[in-house]
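Take a look at the letters that make up each chain.
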Amino acid sequence: MRRTGPFRIGGRHIRLPLFLPDGTMGVVRNLDAADLQAVGTEAVVVNTYHLMSTPGSEVLKSAGGLKRLMGFEGLVVSDSGGWQCFSLIHRAGSHGKITDAGVVFRLGGGKNKLFTPEISVRAQFDIGSDVLVCLDDFTDPAAGERRLRESVDRTTLWARKSRNVFDRILEERSESGGPRPLLLAVIQGGFDREARKRSAAELVELGFDGYGFGGYIVENGRINLDLSAYIAELIPRDKIGFALGFGRPWDIAALWEMGWEMFDCTLPTRDARHKRLYAFRNDPRGLSLAALKDPGSYEYLYLRREKHAKDFDPISRHCDCPACARYSRSYLFHLFDIGDGLALRLATLHNLRTYQLLIERLRTLGAASSSAGKRE
Ligand SMILES: [Zn+2]
């Protein structure tokens, strides 16, 4: 069941779905803002926790926000840092602890650093984000019942704190502070449906502009689509559904059909840096939703000397990115071979354009189905 959009974000109407490339440190690696525009990227996701370390809130505030610093005219969505807390504390163990107040990082030499839901929201305002995300207590989805309960309880508590400070900052802000950003909360509860239901109900009662759910509900290398559909149904239809950290192209198509409309993933940019290029087997402008959900509709191209050193075709016949418009596989292979940075830029441009072609096809299919619905 798809939601009603378009949504007003950052002062303009935004068509959904949206794919957000990974711009963790305030850059989509190897690309600048003009490159992002060239492949149709409308929004990026950045990481609050990392940007607080460098360049830091003072620089970001002085610059007038990250978008000015990046020269980027699209939307900035900031992830709260919940995932980093999970990685640093739960996985690595000895780096600190999580309490109801927030996350305490041990820095060594007896020094601690506190990261709270309130600090995260303030930092996201300093970044100048269009969409803020509440800090959540992420946990291993297969964690035991007690830990899942704690994760849901704490996520609700932190969402309430985030909401309070968000409202207070908006009140304090002058009229010239720009369009009101959106605030999203993250549904926790692992693989446990009852826990997910309770988490969603508590967060919906607090009232947010949208709701996310974390990746990692992966079993045997595949996303649990039944659970993803179940969680999508827990979200009010007029709110945004953000599937955090998903993305293989066919998963995006399946999740979109359920009602998820924002996606962020490191895959296309990271794979590009490892010479793994995505392509549609057929022209995406003619593909049905069933075809877009089928992994068989996509192929990977791994650049290899024996296959591509003399291959003068573009990366993909179905792509109109700057790399495919002008260069061959042979040239791209050569650039990787000599270790020139241009290889990373061209490969990243191509993979992001492939994702954008998918997004554009989903929008066309969504518009067609909603106008068919109106005619009925
Ligand atoms: Zn291309």
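Residues numbered from 1 in each chain as written. Predicted model: local features only at pLDDT ≥ 70, side-chain atom pairs only at ≥ 80, totals over all residues. Heavy atoms only, no water.

Focus on the packing of helix α8 (residues 193-206) against helix α9 (residues 225-232)
Contact geometry of α8 with α9 gives a least axis separation of 10 Å together with a crossing angle of 25 degrees. It follows that α8 is roughly parallel to α9 by the angle criterion. In this structure, α8 crosses over α9, and the sense of that crossing is right-handed. Contact residues: α8 offers Arg193, Arg196 and Lys197, while α9 offers Asp226, Leu227, Tyr230 and Ile231. (Axes fitted to C-alpha atoms, helices over the stretch in contact; angles between N-to-C directions. Helix = DSSP H or I, 4+ residues; strand = E, 2+ residues; numbered from the N terminus. Parallel < 35°, antiparallel > 145°, perpendicular 65-115°, else oblique. Left-handed = near helix turned anticlockwise from the far one by under 90°. Contact = heavy atoms within 4.5 Å.)

Quick look at the sheet that holds strand β8 (residues 111-115)
Adjacent strands of a sheet form backbone hydrogen bonds with each other and so pair up, either parallel or antiparallel. Spatial strand order, β6-β7-β8: three strands in an open sheet with antiparallel pairing. Since the sheet does not close on itself, it has two edges, and those belong to β6 (96-98) and β8, each with one partner. Adjacent strand axes in the sheet meet at a mean angle of 15 degrees, parallel and antiparallel pairs treated alike. Pairing between β6 and strand β7 (residues 103-108): three bridges, direction antiparallel. Bridge pairing in β7 links Gly96 to Phe105. (Pairing = 2+ DSSP bridges.)

Details of the packing of aromatic side chains
Enumeration according to the criterion identifies 13 aromatic pairs in this entry. Pairing Phe19 with Tyr355 gives two aromatic rings, centres 4.7 Å apart and planes at 50 degrees, and the pair type is tilted. Of the two residues, Phe19 is situated in strand β3 (residues 18-21) and Tyr355 in helix α16 (residues 341-375); the sequence distance between them amounts to 336 residues. Overall, the relative accessible area of 3% leaves Phe19 in the buried class. (Phe/Tyr/Trp six-rings, centres within 6.5 Å; stacked < 30°, edge-to-face > 60°. Buried < 20%, exposed > 50% of the residue type's maximum accessible area, 1.4 Å probe, protein only.)

Looking at the coordination of the zinc ion
Taken together, Cys319 (SG), Cys321 (SG), Cys324 (SG) and His350 (ND1) make up the protein donors of the zinc ion, found 2.1 to 2.3 Å from the metal. Around the zinc ion sit four donor atoms; with metal-centred angles ranging over 97 to 120 degrees, the donor geometry is tetrahedral. Along the chain, the residues donating to the zinc ion are arranged with the sequence spacing C-x1-C-x2-C-x25-H. (Donors = N, O, S within 2.8 Å, 3.2 Å for Na, K, Ca; no water. Tetrahedral: all angles 85-135°; square planar, octahedral: opposite > 155°, others 65-115°.)

Some points on the sheet that holds strand β15 (residues 262-265)
Spatially, eight strands are ordered β3-β15-β14-β11-β10-β9-β5-β4 in an open sheet, and the strand pairing comes out parallel. In the strand order of this sheet, the two ends are held by β3 and β4 (43-47), each with one partner. Each strand axis lies, on average, 25 degrees off the axis of its neighbour in the sheet, ignoring direction. Summarising the sheet, β4 and strand β5 (residues 75-79) pair through five bridges and their orientation is parallel.

Concerning the domain arrangement of the protein
A common measure of how large an interface is: the accessible area buried when the components associate. Here the protein is described as being made up of domain 1 (7-265) and domain 2 (276-375). In this structure, domain 1 and domain 2 have C-alpha centres spaced 28 Å apart. Of the residues lining the interface, 26 residues belong to domain 1; the matching set on domain 2 comes to 24 residues. When the area that domain 1 buries against domain 2 is broken down by residue, the three leading residues are Val39, Pro249 and Trp250, summing to 28%. Our enumeration of links across domain 1 and domain 2 arrives at three salt bridges. Put simply, Glu42 and Arg363 hold a salt bridge, and the shortest N to O gap is 3.0 Å. Where domain 1 packs against domain 2, one counts nine residue pairs in polar contact (both at pLDDT 80 or more). Looking at the side of domain 1 that touches domain 2, the element that brings in the most residues is helix α10 (residues 249-258), giving seven residues. (Domains from an automatic or database assignment. Buried area = accessible area lost by both parts, 1.4 Å probe. Salt bridge = Lys/Arg side-chain N within 4 Å of Asp/Glu carboxyl O. Polar contact = N/O pair within 3.5 Å; in protein donor to acceptor, adjacent residues only side chain to side chain.)

Section: the nonpolar core
Counting 80 residues, the largest nonpolar core has Trp260 and Leu292 as its most contacted members. Ranked by the residues each element gives to this core, the list is headed by α16, at 11 residues. Three or more residues apiece are contributed to this core by two domains, here domain 1 (7-265) and domain 2 (276-375). Counting residues in hydrophobic clusters, the runner-up holds 19 residues, among them Leu20, Val77, Leu182 and Phe242. (Core = buried A, V, L, I, M, F, W, Y, C linked by side-chain atoms within 4.5 Å.)

Points about the pattern of salt bridges
Taken as a whole, this structure holds 22 salt bridges when the rule is applied. For Asp130, the salt bridge is made with Lys67, and the minimal N-O distance between the two is 2.7 Å. Separated by 63 residues along the polypeptide, Asp130 in the loop between α6 (117-127) and β9 (131-133) and Lys67 in helix α4 (residues 66-70) bring together distant segments of the chain. Accessibility classification places Asp130 together with Lys67 in one group, the buried group. Salt bridges linked by common partners bring Asp100, Asp137, Arg147, Glu150 and Arg154 together as one network.

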